[in-house]
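Overview (structure and organization)
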Amino acid sequence: MAFSKDFLWGAATASYQVEGAYNEDGRVMTIWDILSKGKIRNDDDGKVACDHYHKYKEDVALFKKLGFKAYRFSLSWARILSDEKTINPKGIEFYNNLINELIANGIEPLVTLYHWDLPMWAYNRGGWKNPEIVDWFATYTKVAVEAFSDRVKYWITFNEPQCFVGIGYVQGTQAPFEKIGDDELENVTTNVMLAHGKAVKTIRAYAKQPVKVGFAPTCSCIVPKTNNKEDVEFARQATFTPDGYDAFNAGWWSDAIVLGKVQKGMEFLNKVDINDICQPLDFYAYNIYNSANQGSEKYDWHKKPGMKKNALEWEIIPEVIYWSAKFLYERYNLPIIVTENGIANVDFVMSDGKVHDPQRIDFIKTYLTQLKKANDEGVPIIGYLHWSAMDNLEWSIGYLARFGLIYVDFTTLERTPKDSAYYYKQVIESNGENLDFNYGLK
Ligand code: BGC
């Protein structure tokens, strides 16, 4: 079965990773500006990043040239509101300009409300630990929806709660770099879930046209050892059943948010009304890179010396996108959008002035082949947004990891589409039918 004719082909970015202009036009500080000092590899920071804030027109022109039909980006809460309730007109203006530019170029905007750049004013009042954040987030959502929903149809509340909670608050290697215990994890989880639920209600209440709403967790998918029924069932259970306080597990977030179901071990959610968390969603968006098999004693059956890995040593197992799409659709029964998928690669401008990245082409080809298989088997996949549109600040790893289809020279800020971008353009032109084009020849 072919991908649907209005399939959302494109790529994604996030505000802190690309925008720069960190102190311009009334933007206030975020936890990434302030708390990451000394914690990002090479002392990199997001002060300039890709300077997308000033170069958005050039970027959108490139997206159009590369055939993107959709662009997923996140709004910076700190650009839109300078405190709990004061609107920053310049921040609204920037996103209005970006959205208008996308639409003028025939590119569908998908907006993420929160991709990890919590404003410092909110952090200083307890951040995700303070239940009041549910209302602060709703206020921000209302402002954004009132400003942009006449043109923006696709709304995503949170990007990967697994990571900003699991890495930011449990492992402590991303902002706000904290290591909380189980009680605090229960509290933070509850606040994030309630903020999601209230944001969904707010989006629907204030939207200026019929909108589609979802959230974008990552999928900690366990790939089955074999295709035997028992192995598949075992992997499915492991994918959705948290083993203790495991905020990375897919079921930890999605069972409550999508199904209104309180998982065993998550009875702390019974303190609140589950209907304030579980609001009807229109799609299930998720980000997928590698499997959760890697590094786990119980599930690491792919491991072998010299296996395919990306530049960050994440295992490359294309089947993970097939199994995750299948598992997620079977369990949550919503149309699927892959909101991130990509590869960190060792890319550089070569002596011929081009960026040849055959690894990324092969990655896209093999992952899309698997996604197509899920689509062929009846999983309604409605979009694929590659991570990332352009190289950007990879959080604590700084500018080392390049995930972009477009190469960015972080000294001159010059953009160079990589071979993979031209390959992907051809894939889009064929609506994903033909994945076998000559690599990068243009
Ligand atoms: C995040 C992105 C990040 C990417 C690659 C996802 O976890 O949403 O912000 O850059 O993965 O690590």
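Before going into details, it helps to say that this report is about the structure given with it. Quick caveat: nothing in here was measured; it's all calculated off a predicted structure. (Residues numbered from 1 in each chain as written. Predicted model: local features only at pLDDT ≥ 70, side-chain atom pairs only at ≥ 80, totals over all residues. Heavy atoms only, no water.)

1. Considering the site of the ligand
Note the threshold: Any residue with a non-hydrogen atom lying within 4 Å of a molecule or strand is treated as near it. N or O atoms within 3.5 Å of each other form a polar contact, as long as, within protein, one can give a hydrogen and the other can take it, and as long as residues adjacent in sequence are counted only when both atoms are side-chain atoms. Note on areas: these come from Shrake-Rupley sampling with a 1.4 Å probe, and a residue is covered only by the protein chains present in the view. Residue polarity is assigned by list, with Asp, Glu, Lys and Arg as charged and Ala, Val, Leu, Ile, Met, Phe, Trp, Tyr, Cys and Pro as nonpolar; anything else, Gly included, falls into the polar class.
As a structural note, the neighbourhood of the ligand is formed by 13 residues, with Gln 17, His 115, Asn 159, Glu 160 and Glu 394 the closest of them. Within the side chain of Glu 160, a nitrogen or oxygen atom sits 2.5 Å from an oxygen atom of the ligand. Calculation on the ligand without its partners gives an accessible area of 310 Å², and the protein chains cover 94% of this total. In terms of residue class, the shell around the ligand is made up of six nonpolar, four polar and three charged.

2. Observations regarding helix H3 (residues 52–65)
Applied cut-off: Secondary structure elements are taken from DSSP: a helix is a run of H or I of four residues or more, a strand is a run of E of two residues or more, and numbering for both begins at the N terminus. The span one expects for a helix is its residue count, reduced by one, times 1.5 Å. For every residue, the accessible area (1.4 Å probe, protein chains only) is compared with the maximum for its type, and the residue is labelled buried under 20%, exposed over 50%, or partly exposed between those bounds. Throughout, a residue-residue contact means that at least one pair of heavy atoms, one from each residue, lies within 4.5 Å.
Look at H3: only 17 Å from first C-alpha to last across 14 residues, short of the 20 Å you get at 1.5 Å a residue. Buried residues of H3: His 52, Tyr 53, Tyr 56, Asp 59, Val 60, Leu 62 and Phe 63, and no others. Contacts from the buried residues of H3 go to helix H1 (15–18), strand S2 (70–74), helix H4 (77–80), helix H5 (89–104), strand S9 (406–408) and strand S10 (415–417).

3. A few points about the nonpolar core
Formally: Residue types Ala, Val, Leu, Ile, Met, Phe, Trp, Tyr and Cys, when buried and joined through side-chain atoms within 4.5 Å, form a set referred to as a nonpolar core.
Membership of the largest hydrophobic core comes to 139 residues, with the highest contact counts inside it found for Trp 77, Trp 128 and Phe 148. Residues Leu 8, Tyr 154, Ala 285 and Phe 403 belong to the second largest nonpolar core, which totals 18 residues.

4. Here we look at helix H7 (residues 133–148)
In this model H7 runs 22 Å from its N-terminal to its C-terminal C-alpha over 16 residues, within 8% of the 22 Å that 1.5 Å per residue would give. Burial of H7 is extensive: twelve of the 16 residues sit out of reach of the surface. By the burial criterion, the buried members of H7 are Ile 133, Val 134, Trp 136, Phe 137, Ala 138, Tyr 140, Thr 141, Val 143, Ala 144, Val 145, Ala 147 and Phe 148. Tucked into the core, H7 has its buried residues touching H4, H5, strand S3 (108–114), helix H6 (120–124), strand S4 (154–159) and helix H9 (182–206).

5. What about the sheet that holds strand S6 (residues 284–287)?
Put simply, the rule reads: A strand pair is defined by DSSP finding two or more bridges across the two strands. Axis geometry follows a simple rule: fit a line to the C-alpha atoms, using only the stretch in contact for helices, then measure angles between N-to-C directions, giving values from 0 to 180 degrees.
If you trace the eight strands from one edge of the open sheet to the other, you get S5-S4-S3-S2-S1-S8-S7-S6, paired in parallel fashion. Of all strands in the sheet, those bounded by a partner on one side alone are strand S5 (212–216) and S6. Strand-to-strand twist of the sheet, defined as the mean angle between neighbouring strand axes without regard to direction, takes the value 25 degrees. Alignment of strand S1 (residues 8–12) against S2, held across three bridges, turns out to be parallel. By the bridge assignment, Ala 12 is partnered in S2 with Arg 72. Its contacts with the sheet place H9 against S3, S4 and S5, and it is angled at close to 170 degrees to S4.

6. A short note on the packing of H7 against H9
We count it as follows: The cut-offs work like this: below 35 degrees is roughly parallel, past 145 is roughly antiparallel, 65 to 115 is roughly perpendicular, and the gaps in between are oblique. For a crossing to be left-handed, the near helix must be turned anticlockwise from the far one by less than a right angle; the clockwise case is right-handed.
Running from N to C, H7 and H9 point in directions that differ by 30 degrees, and their axes come no closer than 8 Å. Classified by the angle between their axes, H7 and H9 sit roughly parallel to one another. As for how H7 packs across H9, the hand of that crossing is right-handed. Of the residues in H9, those in contact with Ile 133, Val 134, Asp 135, Phe 137, Ala 138, Thr 141, Lys 142, Val 145 and Glu 146 of H7 are Asn 191, Leu 194, Ala 195, Lys 198, Ala 199, Thr 202, Ile 203 and Tyr 206. Counted by class, the contact of H7 with H9 contains ten nonpolar, three polar and four charged residues.

7. Considering unusual backbone geometry
Peptide bonds are, in most cases, trans, and in most cases residues other than glycine have a negative phi. For the bond running from Ala 175 to Pro 176, omega is 10 degrees, close enough to zero to count as cis. One can find Pro 176 in the loop between helix H8 (161–171) and H9. The omega angle of the peptide bond from Trp 387 to Ser 388 is 10 degrees, so this bond is cis rather than trans. Here Ser 388 is to be found in the loop between strand S8 (381–387) and S9.

Distances and angles like these do not, on their own, reveal function.
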